[in-house]
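Summary of the model geometry
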Amino acid sequence: MLEIFQYDFMIRAFEAGIAIGIVAPLIGMFLVVRRYSLMADTLAHVSFAGVAIGLFLKINPIFSAIGLSVLASFGIESLRNSRRIFGESVLALFLSGSLAIAVIILSLAKGFNANLFSYLFGSISTVSTADLLVIIVLAIVVFLDVMFLYKELFFTSFDPELAEASGLPVKAINLMTVMLAAVAVAISIRIVGVLLIGALIVIPVISAMQYGRGFRFTLILSVIFSLTSVILGLFASYYLDLASGGAIVVVALIIFLFSLALVKRS
Amino acid sequence: MPLEEPYIELDNVSFSYDDTPVIENLTFTVRKGEYLGIIGPNGGGKTTLIKVILGLLHQTEGRVVLFGKDRHDFKEKHRIGYVPQRVTQTDKEFPATVFEVVKTGRIARLGFFERFTKKDIDAVERAMEISGVAKYRDTLVGNLSGGERQRVFIARALASEPDVLILDEPTVGVDIGAQKTFYDFLSSLNRDQHLTIIFISHDVDAVSQETKTVLCLNHNLVCHGLPHDLLNEHVLERLYGKHSKLLTHKDTPN
């Protein structure tokens, strides 16, 4: 057996990484095609405020991150639906607003330390057994939602007006998409980090889109790219002692550049 | 001759954005087998009228009855196929094949969590065949021309096996040569597939040539009846203002 798998923490990192690697592009696909890529980054920053609250209140930060980002997804969707603010500005508002809140709470909690660094850039050594359980259970919930509501999610992403004319509850489906994104982002923070989760959600999807195939094919390809990025990234992180989030995203970037070059040549 | 079954009935329907009336006191009936053209100036309320019928906007006054049921209680959304105006400008980057898009036409017939059955796929294949897009089955919609994309959206609407097909400005973005073929195709759907068709157009000549009945809308109902009885300069003046003159396509230079 490889040395890397002799450590329990590495096995946990791989298990959590694979769960995230599947779920991130599944949600990412629906965000990217709606021109909503910034949503992932916004929710990541909201999750960071959640982490800060967790550290301040001395509860498991993964719980407070999930709670706050799901709550924020309600706020984002209701502000967007009110049409008083542009959709993009709503995201900017939540992104910088929650970062400000996070920084203030962390100052109060004197939380600027190495532990914080692991939340920003991801760390393979910090996934506890409790974290792993939460990550896997929630990843399964997100996965099943996308599988069972695939046709509704596809239709509302492709043409919300036609979807509404066909009788679909478009607002509810949009809210659900953002809530699922909130969960996917919050559970990914341990491995990929706040600052890089947006990249894992978006880059495998845009790489897969380079091949100019249909939705289902692109979705499957983006999951393959994402899993490859996570697995190779975790190996690199262990053997080269790199922050896992950075290593994963760099692999995803290499796949993107390769896809871009390959499609241009053909 | 007994009148055909009423499919769409509007009774004194008005719609206002804030306090600005867009359509006022519209009363008319669309019956089974009709081929109705709706004409009127830009901003005259044509698209708003369609959106009110579809339930995308809610009328501020009056009543909409679809297939004998009040629109609020009307659940059989699949009976009305809708082709919106902007299909020729849809997101070209969206990674969806023709088959994937046409399949969304069946969703109105399925419940949540329900999967497509063989019957659904057969209906999708048939709709693609009738609309002449079966050969593009696995092509990305974004890679098609305006006219081809138009047909994909018609196939999408036909896939639900509707009783009424509503098209909003279907020939915008379709070149002149393809327009004739397109109108022939609509006529054949009305004649051979017994589909009731409503289409909005700014092209008065096309409406007068192609449709069986015409409805002229400029916030109010200006006229409703047979095209040849109605499309005279008096009506056009009420629709489009003074100095309007009806030219046929033959009169216009290429």
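Residues numbered from 1 in each chain as written. Chains lettered and ligands numbered in written order. Predicted model: local features only at pLDDT ≥ 70, side-chain atom pairs only at ≥ 80, totals over all residues.

**A closer look at the overall build of chain A**
Each helix and strand counted, chain A has 12 helices and 0 strands in total. Secondary structure elements of chain A, listed N to C terminal, follow the sequence α-α-α-α-α-α-α-α-α-α-α-α. For chain A, whose C-alpha radius of gyration is 18 Å, the value lies close to the compact-globule estimate of 18 Å for 266 residues. Across its three principal directions, the C-alpha atoms of chain A cover 55 × 50 × 30 Å. In chain A, buried positions account for 53% of the 266 residues. In chain A, once contacts between residues fewer than 6 apart in sequence are set aside, the share between residues at least 24 apart is 74%. (Helix = DSSP H or I, 4+ residues; strand = E, 2+ residues; numbered from the N terminus. Rg over C-alpha atoms; globule rule 2.2 N^0.38 Å. Buried ≥ 20, exposed ≤ 12 C-beta atoms within 10 Å, placed from the backbone. Contact = placed C-beta atoms within 7 Å.)

**Considerations on the sheet that holds strand β4 (residues 61-66) of chain B**
Residues and elements named next belong to chain B. If you walk across this open sheet you meet the 4 strands as β2-β1-β4-β5, and the pairing is antiparallel. Two strands bound the open sheet, and with one partner strand each, they are β2 (20-31) and β5 (69-70). Bridge count for strand β1 (residues 6-17) against β4 is 5 bridges, and the pairing is antiparallel. In the strand pairing of β4, Glu9 is matched with Val65. (Pairing = 2+ DSSP bridges.)

**Some remarks on the pairing of β4(B)**
Strand direction decides the pairing type here: β4(B) and β5(B), joined by 2 bridges, are antiparallel. Within β5(B), the position partnered with B:Leu66 by the bridge is B:Lys69.

**A closer look at the sheet that holds strand β8 (residues 196-200) of chain B**
All names here are of chain B. The strand order across the open sheet built from 6 strands is β6-β7-β8-β3-β9-β10, with neighbouring strands paired in mixed fashion. The outermost strands of the open sheet, each flanked by one partner alone, are β6 (80-83) and β10 (220-225). Between one strand axis and the next, the sheet turns through 15 degrees on average, direction left out of account. With 4 bridges connecting them, strand β3 (residues 35-39) and strand β9 (residues 213-218) associate as parallel partners. For Ile39, the partnering residue across the bridge sits in β9 and is Cys216. (Axes fitted to C-alpha atoms, helices over the stretch in contact; angles between N-to-C directions.)

**Remarks on unusual backbone geometry**
Unlike most non-glycine residues, A:Asp241 shows phi in positive territory, near 55 degrees. By C-beta crowding, A:Asp241 is classed as exposed, having 8 other C-beta atoms within 10 Å.

**Thoughts on the packing of helix α1 (residues 8-33) of chain A against helix α11 (residues 215-240) of chain A**
Residue and element names in this part refer to chain A. The contact between α1 and α11 brings their axes to 8 Å, and the two run at 150 degrees. Judged by the inter-axis angle, α1 sits roughly antiparallel to α11. Between α1 and α11 lies a crossing of right-handed hand. For the contact of α1 with α11, the residue count by class is 16 nonpolar, 6 polar and no charged. (Parallel < 35°, antiparallel > 145°, perpendicular 65-115°, else oblique. Left-handed = near helix turned anticlockwise from the far one by under 90°. Nonpolar A, V, L, I, M, F, W, Y, C, P; charged D, E, K, R; others polar.)

**Considerations on the packing of helix α10 (residues 197-209) of chain A against α11(A)**
Residues and elements named next belong to chain A. Across the interface, α10 lies against α11 with an axial gap of 8 Å and an inter-helix angle of 125 degrees. By the criterion of interaxial angle, the relationship of α10 to α11 is oblique. Judged by the sense of rotation from one axis to the other, the crossing of α10 with α11 is right-handed. Only Thr218, Leu221, Ser222, Phe225, Ser226 and Ser229 of α11 make contact with α10, whose side of the interface consists of Leu200, Pro204, Val205, Ser207, Ala208 and Met209. Class assignment of the residues belonging to the contact of α10 with α11 gives a composition of 7 nonpolar, 5 polar and no charged.

**Let's talk about the nonpolar core**
Residue and element names in this part refer to chain A. Membership of the largest hydrophobic core comes to 163 residues, with the highest contact counts inside it found for Ile20, Ile27, Ala181 and Leu200. When residues of this core are assigned to their parent elements, the largest contribution, 16 residues, is made by α1. Not counting residues within four places of it along the chain, the set of residues in contact with Leu200 comprises Ala24, Ser188, Val192, Ser226, Ser229, Ile248, Val249 and Ala252. (Core = buried A, V, L, I, M, F, W, Y, C linked by C-beta atoms within 7 Å.)

**Let's talk about the pairing of β9(B)**
All names here are of chain B. Looking at chain direction, β9 and β10 are connected through 5 bridges and run antiparallel. Residue pairing in the sheet places Asn218 in a bridge with Asn220 of β10. Here β9 folds back onto β10 in antiparallel fashion, the turn holding 1 residue, of which His219 has a positive phi close to 70 degrees.

**Considering α1(A)**
Note on helix geometry: an α-helix contains 3.6 residues per turn, so any two residues three or four positions apart are oriented the same way. End to end, α1(A) covers 38 Å across 26 residues, agreeing with the expected 38 Å (1.5 Å per residue, within 8%). A:Arg35 sits one or two residues past α1(A) and shows a positive phi near 60 degrees. (Expected span 1.5 Å × (residues − 1).)

**Looking at the environment of A:Phe121**
Residue and element names in this part refer to chain A. Structurally, Phe121 can be placed in helix α5 (residues 114-121). With 19 C-beta atoms counted inside 10 Å, the residue Phe121 sits in the partly exposed group. Among all residues touching Phe121, those that are not within four sequence positions of it are Gly193, Leu195, Leu196, Ala243, Gly245 and Gly246.

**Section: the confidence of the model for chain B**
Residues and elements named next belong to chain B. Scored by pLDDT, chain B has a mean of 86; 91% of the residues are at 70 or more. Model confidence for chain B, summarised as mean pLDDT per element, is weakest for helix α8 (residues 233-240) at 71 and strongest for helix α2 (residues 98-103) at 96. For this predicted complex, the interface score ipTM comes out at 0.89, while the overall pTM is 0.90. (pLDDT = per-residue confidence, 0-100.)

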